[in-house]
Amino acid sequence: MSDSDGTGSGLDGAVVAVAGAGGPAGRATLLRLAEAGATVVGADADAARLAEAVDATRSAHDGAVVIGDTVDLLDPAAARAWADKAEKEHGRIDGLVHLVGGWRGSASFTDTDPADWFLLEKLLVRTVQNTSLAFHDALLRSDRGRFVLVSAAGATRPTAGNAAYAAAKAAAEAWTQALADAFRREGGEEGPRAAAAILVVKALVHDAMRAERPNAKFAGFTDVKDLAEAIVEVWDLPARQVNGNRLWLTPEP
């Protein structure tokens with residue numbers, strides 16, 4: 001059942017796709033989505049890493065329905081095939097969480113290597129483009145469709161050594177805002193039924209990072225478990241409240 005705002009009933013019975021599911025944030029998100037009652041369809045370019053993430057979720061949560069598909073999200077046709085397969089097999093798609101990441105930086109602005117931009121444009125921009133285009137129609141068919149992008153505070157206030165990274169994140173945010181406008185237009189006077197939201201972090205931290213650097217404070221960082229919780233909460237809010245909004249998980253600069 002859904003309410004008049006298109007919120008639906010949270011994630012119970014939902015089907016959610018996760019792009020970049022094999023990393024630490026992906027693992028935390030797969031588990032939290034499964035705990036919330038969703039069927040989770042994860043994709044990653046690294047088959048071994050993805051299989052480990054799927055197995056870990058199933059082991060941690062008895063009864064979790066989580067599937068892994070090895071997908072090259074830089075290939076528009078592969079992204080669309082993944083979306084079509086997921087909807088055909090599960091009957092619906094209620095969300096796409098974009099966690100494909102990457103980082104390159106430099107000591108100063110003039111030390112920036114253009115190769116960093118070419119890499120980050122692929123990972124942080126092109127995968128957003130391909131997945132959002134592939135899942136757009138399915139999200140509109142849902143009564144609680146959500147597209148969730150994880151971005152960085154650096155997109156708002158870039159630093160000299162993070163020019164390529166900040167520019168790529170800003171481009172991904174702009175693309176997501178355009179998707180939000182499409183959802184807004186499709187909703188007409190009643191407002192959007194689907195929503196595209198941006199979760200903003202300074203950086204992410206997980207247990208392995210803490211073990212490697214036990215004396216580090218990681219000030220302002222967001223734990224991947226807290227990120228996963230924030231992702232789930234996007235479904236608890238009305239579509240019009242989150243569509244096109246930047247939801248900060250770290251203090252705004």
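Taking strand neighbours across the sheet as the criterion, the seven strands line up as E3-E2-E1-E4-E5-E6-E9 in an open arrangement whose pairing is parallel. Since the sheet does not close on itself, it has two edges, and those belong to strand E3 (66-70) and strand E9 (246-248), each with one partner. Direction aside, neighbouring strands of the sheet carry axes that sit 20° apart on average. As defined by bridge partners, strand E1 (residues 15-19) adjoins strand E2 (residues 39-44) across five bridges and the pair is classed as parallel. What sits directly across from Val15, in E2, is Thr39. Docked against the sheet, helix H2 (residues 47-60) engages E2 and E3, running at close to 180° with respect to E3. Relative to E2, helix H3 (residues 76-90) is tilted by about 160°, and along the sheet it contacts E1, E2, E3 and strand E4 (95-98).

Our next topic: the layout of surface pockets. By volume, the largest pocket amounts to about 1100 Å³. Lining the largest pocket are 44 residues; nearest its centre among them are Gly101, Gly102, Trp103, Tyr165 and Leu204. If you list the elements that add at least two residues to the lining of the largest pocket, you get helix H1 (24-35), helix H4 (114-141), strand E5 (146-152), helix H5 (163-187) and helix H7 (224-233). For the lining of the largest pocket, the class distribution of residues is 25 nonpolar, 13 polar and six charged. Volume-wise, the second largest pocket comes out at about 220 Å³. Looking at the second largest pocket, the residues that line it are Pro24, Arg27, Ala28, Leu31, Arg32, Glu35, His206, Asp207, Asp223, Val224, Lys225 and Ala228. At the level of elements, H1 and H7 are the ones that each hand at least two residues to the lining of the second largest pocket.

Procedures and definitions
Within each chain, residue numbers correspond to sequence positions counted from 1 in written order. Thresholds applied to this predicted model are a pLDDT of at least 70 for local features of residues and 80 or more for the giving and counting of side-chain atom pairs; totals over whole chains, interfaces and linings are not thresholded and use all residues. Side-chain metrics in this entry use all non-hydrogen atoms of the structure; hydrogen atoms and water are not considered. By this definition, two strands are paired if DSSP reports at least two bridges between them. Each helix is a run of DSSP H or I of at least 4 residues and each strand a run of E of at least 2, with the numbering of both proceeding from the N terminus. Axis lines are fitted through C-alpha atoms, for helices just across the contact stretch, and the angle between N-to-C directions can take any value from 0 to 180 degrees. Here a residue-residue contact requires only that any non-hydrogen atoms of the pair lie within 4.5 Å. Grid points spaced at 1 Å and placed over the protein atoms alone form the basis of the search, with a cavity being a set where a 1.4 Å probe fits but cannot get out and a pocket an open set showing protein on both sides within 12 Å along at least five of seven lines. Lining residues have an atom within 4 Å of a point. Grid points are joined across faces, edges and corners, and a volume is the space filled by probe spheres set on the points. By the convention adopted, Pro, Cys, Tyr, Trp, Phe, Met, Ile, Leu, Val and Ala count as nonpolar, Lys, Arg, Asp and Glu as charged, and the other residues, Gly among them, as polar.

Purely spatial values, then, with no claim about function.
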